Amino acid sequence: MSDNIPFEIQSEIIKRLPVKSLIQFRTVSKPWKSLIDSSPFINKYSSQHTHTQRLLITYDDPVDSATTYVSIADDDTFPQQKVSYSFPLLTTNNLKYSSIIGTSHGLVCLYGSDPIDKEIAVVCNLSIRKAVGVVMPDLPSGITFGIVVGFGVCRETMDPKIVKITYISSWDDMESISSIPSQVEVFTLSSGAWRGPCSSNLPRKSIRFNLDSVVIDGVLYWLAADGVNTRSGYNYYMLIISFDLTSEEFGEIHLPDSLARVDDYNLSISKVRNSLVVLRRFLDDSGFSVWMMPDGVPQSFIRMFTIKSPDLLIKGFRKNGEPIIEMVQHHPGQRDGSFFVAYDPCSKDIVNLEIDVFARSFCVFPYMETLLLLDQPDFVIYDQGKATLQSVEPSDEGKNY
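Residues numbered from 1 in each chain as written. Predicted model: local features only at pLDDT ≥ 70, side-chain atom pairs only at ≥ 80, totals over all residues. Heavy atoms only, no water.

*Asks:* Looking at this structure, I do not really get the packing of helix H3 (residues 30-37) against helix H4 (residues 39-47). What am I missing?
*Replies:* When two helices pack together, their arrangement is given by the angle between their axes and by how far apart the axes lie. Running from N to C, H3 and H4 point in directions that differ by 60°, and their axes come no closer than 5 Å. Judged by the inter-axis angle, H3 sits oblique to H4. Where H3 abuts H4, its residues Leu 35, Ile 36 and Asp 37 lie against Ser 39, Phe 41 and Ile 42. Here the residues of the contact of H3 with H4 are counted per class, giving four nonpolar, one polar and one charged. (Axes fitted to C-alpha atoms, helices over the stretch in contact; angles between N-to-C directions. Helix = DSSP H or I, 4+ residues; strand = E, 2+ residues; numbered from the N terminus. Parallel < 35°, antiparallel > 145°, perpendicular 65-115°, else oblique. Contact = heavy atoms within 4.5 Å. Nonpolar A, V, L, I, M, F, W, Y, C, P; charged D, E, K, R; others polar.)

Listed below in structure tokens is the structure:
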């Protein structure tokens, strides 16, 4: 770029470039590298909502059963622009068993155990091939307590956070437990350490959490059940627990009766753009109804549409609101297979993603490419407030699919 152009104008042009170009342009000049690597630039760039949404798709390959990761551009070219990814070695070397627990602002968070069975989370930016590991604090022993882990980026500071919640597994044990040890703990990447939440309004002892979480505009949501003691024993109703990653306040969102009284294994949560979505599976496994909380207004769920067909699973949504559906194919004497389509509820049109996998191994996570983690050390693991550097990984760019 010409030296005759003021650097302020150059920086305005630079911040409109895609991530891949920015990584390449860091080698052009020291001023550009200093600008792109600076925390203010990274945070401002990563908070923009002009980036193309992508869908990170994971599945078990039907040939070798290996977990495969594919990113698809969620734009007018859908589903043609596919890129396959592998996770950084920090992830593969330190996670023996893992699953993705969330995506936020271009970051993917995996949770599992390391080779010596220590619980660990790894936060990755696949676009820039960076990752940080976070060793989990001591977990409760026995079967009295359960935990859920959520991940998201604070919308005000762009600081990635991991939230661990401990809850009572069985309502039968509730009366005998006066308090839950380390009920809520929060890890912030900026501090590299775990701490208690800023707020003291913790969930009630009667709240039992489901594992799945969704993050929308800096707020984490969990599907949960609240046990109510009656003469005939504990009855429960379903609700949603929220956690604001900025104020670190908990909240409750009550569901309409048609959802609140449904068994927890027939409900799940997702999101369409910046709206929370609840999926209700019919008792006879013949389809789903999709409910949305429009414009983030609590307690105002409306039914968007219903799909009645056996052997289907809604796995996520495109930015335009079309569900990504898994169609299960039964093969007698063999493991079931699946293929995947995007479905338009209005026109009934479908678009085949041209991905065939083992049944029920397919997950969809929306994300956008950002620069978060660019200013972090390479291959660092945080444990009890201390950072340990791991061996450096060779470059491994995403490949055209």
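*Asks:* Honestly, the pairing of strand E26 (residues 386-389) in this entry has me stumped. Any pointers?
*Replies:* Two faces, one strand: in a regular strand the side chains alternate between the faces of the sheet. Bridge analysis of strand E25 (residues 380-383) against E26 gives four bridges, and the strand direction is antiparallel. Looking at the pairing, Asp 383 lines up with Lys 386 of E26. Where E25 folds back on E26, the antiparallel hairpin that results is connected by two residues, among which Gln 384 adopts a positive phi of roughly 55°. (Pairing = 2+ DSSP bridges.)

*Asks:* I'm lost on the nonpolar core in this one. Help?
*Replies:* Proteins that are soluble and globular tend to have nonpolar side chains buried together. The biggest cluster of nonpolar side chains holds 44 residues, and the ones touching the most others in it are Phe 209, Ile 240, Leu 255, Val 278 and Phe 301. The biggest single contributor to this core is strand E13 (residues 219-230), with seven residues. Not counting the four nearest positions on each side in its chain, Phe 301 is found in contact with Ile 240, Ile 253, His 254, Leu 255, Pro 256, Leu 276, Val 278, Trp 291, Met 292 and Met 293. In terms of nonpolar packing, the next biggest core, distinct from the first, is built from 34 residues, Val 19, Val 134, Val 153 and Trp 194 among them. (Core = buried A, V, L, I, M, F, W, Y, C linked by side-chain atoms within 4.5 Å. Buried < 20%, exposed > 50% of the residue type's maximum accessible area, 1.4 Å probe, protein only.)

*Asks:* Help me understand unusual backbone geometry in this model?
*Replies:* In most cases, non-glycine residues show a negative phi, while peptide bonds are predominantly trans. A cis geometry characterises the amide bond from Phe 78 onward to Pro 79, with omega recorded as 0°. Structurally, Pro 79 is set in the loop between strand E2 (67-73) and strand E3 (82-85). Even without glycine at this site, Arg 273 takes up a positive phi of about 55°. For Arg 273, the location among the structural elements is in the loop between strand E16 (267-272) and strand E17 (275-281). A residue is classified by how much of its surface remains accessible, and Arg 273, at 46% relative accessible area, is partly exposed. The backbone phi angle of Gln 384 is positive, close to 55°, even though this residue is not glycine.

*Asks:* Is there a simple way to think about the confidence of the model for the protein chain in this case?
*Replies:* Note that predicted coordinates carrying low pLDDT should not be read in detail. Of all residues in the protein chain, 94% attain a pLDDT of 70 or more, and the chain-wide mean is 87. Strand E10 (residues 184-188) holds the highest mean pLDDT among the elements of the protein chain, 97, whereas strand E27 (residues 399-400) holds the lowest, 40. Low confidence marks residues 393-401, where pLDDT is under 50. Its contacts with residues over four positions away, or in another chain, come to 19 contacts. (pLDDT = per-residue confidence, 0-100.)

*Asks:* Just to check I follow, could you spell out the side chain of Glu 326 for this structure?
*Replies:* Relative to the assigned elements, Glu 326 resides in strand E21 (residues 323-329). For Glu 326, the side chain forms a polar contact with the side chain of Ser 338, separated by 2.6 Å. Sequence-distant contacts of Glu 326, that is, excluding residues within four places in its chain, are made with Asp 311, Leu 312, Leu 313, Lys 315, Ser 338, Phe 339, Phe 340, Phe 358, Ala 359, Arg 360, Ser 361 and Phe 362. (Polar contact = N/O pair within 3.5 Å; in protein donor to acceptor, adjacent residues only side chain to side chain.)

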